[in-house]
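For reference, the chains in residue letters:
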Amino acid sequence: RVRNFGGCMKSCGFESTTDEVLEGVDLRGKRVLVTGVSAGLGVETARALAAHGAHVVGAARDLEKAKRATKGVKGALDLVELDLASLASARACADALNKAGKPFDLAIANAGVMACPKSTTADGFETQFGTNHLGHFVLMNRIAPLLKEGARLVNLSSAGHRYADVDLDDPNFDRTPYAEFTAYGRSKTANILFSVAFDARHKERGVRATAVHPGVIHTELSRYMTAEKLQELIDNLNKSQPAGTP
């Protein structure tokens, strides 16, 4: 597929590395917010963007872990504290960014959890819905004024959204038997719906939002899964692909 990055047309596919996709792209002068920079895709996203000149603001719950994980990042990287499982933390992070008053060209809602045992956030919400959706929902809506004209919000969803629609009648599984991937699917569907709504509300001022499926990549996201369960997930996602999809 062909992607347009800063006016530079690049041909890329599922085997392309971040450096290949960004080859020749100059991101100097761009400010980017990336959540979840203590492991996995968040670290690689921050690394690639900073390597091409962007000033990256990385958000993480555990700042010491994030410092260790991003030690090899070359370029401008600032770290801010953000616990998406706490709406108070999401508000505090957003308020600090708003107080600093420095606009963003891109915000990437990357952080998340998957298939964890039943638990709740600090505010009493089911953990996956509360962390993957509600935490980002509060953060991104609160910093919307910092997204300047032409900016983009990218929410990392998943093909796993096919497991379930959002259930606002029983979001915390109070009456429904808890199933890890049903909860994950609800949260990923919510990410997509949030993107659609955010885009509709802000496109008139040139700010657009999208939701992306990053692929099946082995990171700490699968920490709660056995190798067999992970393979079962991959097989099920492949089987559920729409006809004609690679």
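Here the structure is shown first, and the text comes after it.
Residues numbered from 1 in each chain as written. Predicted model: local features only at pLDDT ≥ 70, side-chain atom pairs only at ≥ 80, totals over all residues. Heavy atoms only, no water.

## Some thoughts on the sheet that holds strand β7 (residues 147-156)
With parallel pairing, the six strands of this open sheet are ordered in space as β5-β4-β3-β6-β7-β8. The open sheet terminates on both sides in strands that have one partner only, identified here as β5 (77-81) and β8 (208-212). Mean inter-strand twist for the sheet, computed between neighbouring axes without regard to direction, equals 15 degrees. Where strand β4 (residues 55-60) and β5 come together, five bridges link them in parallel fashion. In the sheet register, A59 faces β5, and the bridge partner there is V80. Together, β3 (31-35), β4, β6 (104-109) and β7 form the strand contacts of helix α2 (residues 40-51), whose direction differs from that of β3 by roughly 170 degrees. Against the sheet, helix α5 (residues 127-142) touches β3, β6 and β7, its axis set at about 160 degrees to β3. (Pairing = 2+ DSSP bridges. Helix = DSSP H or I, 4+ residues; strand = E, 2+ residues; numbered from the N terminus. Axes fitted to C-alpha atoms, helices over the stretch in contact; angles between N-to-C directions. Contact = heavy atoms within 4.5 Å.)

## Considering the nonpolar core
L33, L97, L139, M140, I143 and F198 are the most contacted members of the largest nonpolar core, which has 30 residues in total. Among the elements of the structure, β4, α4 (87-100), β6, α5, β7 and α6 (180-202) are those that each provide at least two residues to this core. Those residues within four positions of L33 in sequence are excluded, and the remaining contacts are V57, L97, F104, L106, A107, I108, L139, M140 and I143. Counting 19 residues, the second largest nonpolar core, distinct from the first, contains L22, A60, L106 and I108. (Core = buried A, V, L, I, M, F, W, Y, C linked by side-chain atoms within 4.5 Å. Buried < 20%, exposed > 50% of the residue type's maximum accessible area, 1.4 Å probe, protein only.)

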